[in-house]
Amino acid sequence: KLKEDGYKADKNVLSYIVNNCLNNYDLVIDTSYISAMEAVDIIMECYKKKTLNQPYEKLWISPEFVFPTLSIDCIDRNRVDNYLDKIYKHEELEKVRLIRIHDTLFIEDGHNRVIAYNLAKIRMINPIIVSNEDDLNSEGILVKKALSITEKDLKDWESMNGFTYNYCPRIIKK
């Protein structure tokens, strides 16, 4: 459903995308942060690539959609600046890697890149979801990292990135 009224994704929309769309569709675009025309541009580019049997990105979400697994203290400002330079030069960055825990996407690798995308006002990224909580139950390392994040860490993350989350994931320490 495309919306152009400035609506931001809430927990229900994000949960639906994470839990249902990713496994059932060839292309998933979270349109909460973009206009209908921007979504159409993405769809047409992906369609063109698909008709030419070329690979295309199947997941498009806002960098505001993902939650950190590290505190701001772990951010390397020099790396963020280097990524910003690459973004402004239209150079491709390594994909952000995400894990799904419950109904939330957490950054497994790419915190500095996500901050750079947000600071550069990039509204859509195409990350890779590398695993979900079911895949992590044996090790649980990343789940434990996500569980170590506190509401204060989220507030610091929001401040550094220049936005506010609409909800706090249920596994975040209150």
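Position numbers for residues start from 1 in each chain and track the written sequence from start to end. Residue-level local features of this predicted model are given only where pLDDT is at least 70; pairs of side-chain atoms are given and counted only at 80 or more, and the full residue set underlies all totals for whole chains, interfaces and linings. As a rule here, side-chain values come from all non-hydrogen atoms in the structure, and water together with hydrogens is ignored.

Asker: What exactly am I supposed to notice about the overall build of the protein here?
Answerer: When helices and strands are counted, the protein shows 7 helices and 5 strands. Shown N-terminal to C-terminal, the secondary structure of the protein runs as helices and strands in the order α-β-α-β-α-β-β-α-β-α-α-α. Classification of residues uses two cut-offs on accessible area relative to the type maximum, computed with a 1.4 Å probe and protein chains only: under 20% is buried, over 50% is exposed, and between them is partly exposed. Counting over 174 residues, the protein shows a buried share of 47%. When contacts within the protein are restricted to residue pairs at least 6 apart in sequence, those whose partners lie at least 24 apart make up 75%. Runs of H or I in DSSP of at least four residues are treated as helices and runs of E of at least two as strands, each being numbered from the N terminus. Any pair of residues with heavy atoms lying within 4.5 Å of one another is described as a contacting pair.

Asker: Just to check I follow, could you spell out the packing of helix α4 (residues 111-119) against helix α7 (residues 151-161) for this structure?
Answerer: Packed helix pairs are characterised by how far apart their axes lie and by the angle those axes make with each other. Working convention: axes come from line fits to C-alpha atoms, limited for helices to the stretch in contact. Angles between N-to-C directions cover 0 to 180 degrees. As a packed pair, α4 and α7 sit with axes 9 Å apart at the nearest point and diverge in direction by 45°. The angle between the axes of α4 and α7 places the two elements in the oblique class. On α7, the residues touching H111, V114, I115, N118 and L119 of α4 are W157, M160 and N161. Charged means Asp, Glu, Lys or Arg here, nonpolar means Ala, Val, Leu, Ile, Met, Phe, Trp, Tyr, Cys or Pro, and polar covers whatever is left, Gly included. Looking at the contact of α4 with α7, its residues break down into 5 nonpolar, 3 polar and no charged. With respect to orientation, any angle under 35 degrees is reported as roughly parallel, any angle over 145 as roughly antiparallel, any angle of 65 to 115 as roughly perpendicular, and every other angle as oblique.

Asker: Help me out: how do you make sense of the packing of aromatic side chains in this one?
Answerer: When we look at a pair of aromatic rings, we describe it by the centre distance and by the angle of the planes. Here a pair means two rings of Phe, Tyr or Trp (six-membered ring of Trp) with centres within 6.5 Å. Their orientation is stacked below 30 degrees between planes, edge-to-face above 60, and tilted elsewhere. Taken as a whole, this structure holds 4 aromatic pairs when the rule is applied. Here the aromatic rings of F163 and Y165 are separated by 5.0 Å at their centres, their planes lie at 90°, and the arrangement is edge-to-face. One exposure class covers both F163 and Y165, and it is buried. Taken together, the ring pairs connect F67, F106, F163, Y165 and Y167 into an aromatic cluster.

Asker: Please clarify how α7 should be interpreted in this entry.
Answerer: It helps to recall that an α-helix has 3.6 residues per turn; residues three or four apart then point in one direction. Within the sequence span of α7, burial applies to D153, L154, W157, E158 and N161. Buried residues in α7, looked at end-on, bunch into an arc of 140°, giving them a common side. Facing away from the buried side of α7 by more than 90 degrees, the exposed set consists of K152, K155 and S159. Packed against the buried residues of α7 are β4 (104-109) and α4. As used here, the arc belongs to the directions running from the helix axis to the C-beta atoms.

Asker: Hey, could you run me through the confidence of the model for the protein in this one?
Answerer: For any part of a model where pLDDT is low, the fine detail of the predicted coordinates should not be relied upon. The predictor reports its confidence for every residue as pLDDT, a score running from 0 up to 100. Per-residue confidence for the protein averages 83 on the pLDDT scale, and 76% of its residues sit at or above 70. Note that residues 1-8 has pLDDT below 50 and, in this model, 14 contacts with residues that lie over four places away or in other chains.

Asker: Can you walk me through the pairing of β4 in this structure?
Answerer: Regular strands show a simple pattern: their side chains alternate between the two faces of the sheet. When DSSP finds two or more bridges between two strands, those strands count as paired. Here strand β3 (residues 97-101) runs beside β4; their pairing, made up of 5 bridges, is antiparallel. Bridging from a neighbouring strand, R97 pairs with D109 of β4.

Asker: Sorry if this is basic, but what is going on with the layout of surface pockets here?
Answerer: The rolling of a water-molecule-sized probe over the atoms marks out the regions of remaining empty space. Only protein atoms enter the 1 Å grid used here, on which a cavity is any set of points holding a 1.4 Å probe that cannot leave and a pocket is any open set flanked by protein within 12 Å on both sides along at least five of seven lines; residues with an atom within 4 Å of a point are listed as lining. Grid points are joined across faces, edges and corners, and a volume is the space filled by probe spheres set on the points. Roughly 570 Å³ of internal volume is contained in the largest pocket. Lining the largest pocket are 19 residues, with E91, E92, L93, Y117 and N126 positioned closest to its centre. In terms of residue count, helix α2 (residues 36-51) provides more of the lining of the largest pocket than any other element does, 4 residues in total. The residue inventory of the lining of the largest pocket, partitioned by class, reads 11 nonpolar, 2 polar and 6 charged.

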